[in-house]
Amino acid sequence: MNVIVDQDICIGCGTCEEICPAVFHLDEMIGKAQVIDADACEFVGCCEAAEENCPVEAITLENE
């Protein structure tokens, strides 16, 4: 699965990291979410919830 965080839209609220810390990390230097392990989506099952709960719809999931 390809996981994309649109850096132009992300507001750095941290919701994705709270829901799915194996995949997302809030980079304090830039104040935006980063994908740290997209492959983990296959195993942890929380990427869809992170995408659905992003308040600005900055997360996109694409099947490869």
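Keep in mind that what you see is a predicted model, and the values were worked out from it rather than measured. Note on numbering: residues in each chain are counted from 1, in written sequence order. Since the coordinates come from a predicted model, pLDDT governs what is reported: local features require at least 70, and pairs of side-chain atoms require 80 or more to be given and counted, while whole-chain, interface and lining totals use all residues. Each side-chain value is derived from all of the structure's non-hydrogen atoms; neither hydrogens nor water enter the calculation.

**Considering the overall build of the protein chain**
Item 1. Starting at the N terminus, helices and strands are each numbered in turn, a helix being any DSSP run of H or I of at least four residues and a strand any DSSP run of E of at least two. In terms of helices and strands, the protein chain carries three helices and four strands.
Item 2. Walking the protein chain from its N terminus toward its C terminus, one meets helices and strands in the order β-α-β-β-α-α-β.
Item 3. In summary, the protein chain has a C-alpha radius of gyration of 10 Å against a globular reference of 11 Å for 64 residues, a match within 12%.
Item 4. With respect to the principal axes defined by its C-alpha atoms, the protein chain has extents near 25 × 20 × 15 Å.
Item 5. Per-residue burial for the protein chain yields a buried fraction of 31% across its 64 residues.
Item 6. Across the protein chain, contacts joining residues at least 24 apart in sequence account for 53% of those joining residues at least 6 apart. The reference for a compact globule is 2.2 Å times residues^0.38; the radius of gyration itself is calculated from the C-alpha atoms. For every residue, the accessible area (1.4 Å probe, protein chains only) is compared with the maximum for its type, and the residue is labelled buried under 20%, exposed over 50%, or partly exposed between those bounds. We call two residues contacting when some pair of their heavy atoms lies within 4.5 Å.

**Comments concerning empty space enclosed by the protein**
Item 1. Using only the protein atoms, space was sampled on a 1 Å grid; points where a 1.4 Å probe fits but cannot get out form cavities, open sets with protein on both sides within 12 Å along at least five of seven lines form pockets, and lining residues are those with an atom within 4 Å of a point. Grid points are joined across faces, edges and corners, and a volume is the space filled by probe spheres set on the points. With the rule as written, the count across this model stands at one cavity of 30 Å³ or more.
Item 2. Reported here for the largest cavity is a volume of approximately 110 Å³.
Item 3. Together, 15 residues line the largest cavity, and Cys10, Cys13, Cys16, Ala33 and Cys54 are the ones closest to its centre.
Item 4. Split by residue class, the lining of the largest cavity holds twelve nonpolar, three polar and no charged. Under the scheme applied, nonpolar residues are Ala, Val, Leu, Ile, Met, Phe, Trp, Tyr, Cys and Pro; charged residues are Asp, Glu, Lys and Arg; polar residues are all the others, including Gly.

**A short note on the state of the cysteines**
Item 1. Any cysteine sulfur atom paired with another within 2.5 Å is treated as part of a disulfide. Evaluation of the coordinates by the stated rule reveals two disulfides.
Item 2. Note on cysteine connectivity: cysteine 41 is disulfide-linked to cysteine 47, with sulfurs 1.8 Å apart. Looking along the S-S bond of the cysteine 41-cysteine 47 disulfide, the torsion reads about -85°, which is the left-handed sense. No difference in accessibility class separates cysteine 41 from cysteine 47, as the two residues are buried.
Item 3. If one numbers only the bonded cysteines of the protein chain, in the order they occur, the disulfide pattern is 1-3, 2-4.
Item 4. Cysteine 54 supplies the cysteine sulfur nearest to cysteine 13, a cysteine that is in no disulfide, at a spacing of 5.9 Å.
Item 5. Judged by its relative accessible area of 13%, cysteine 54 falls in the buried class.

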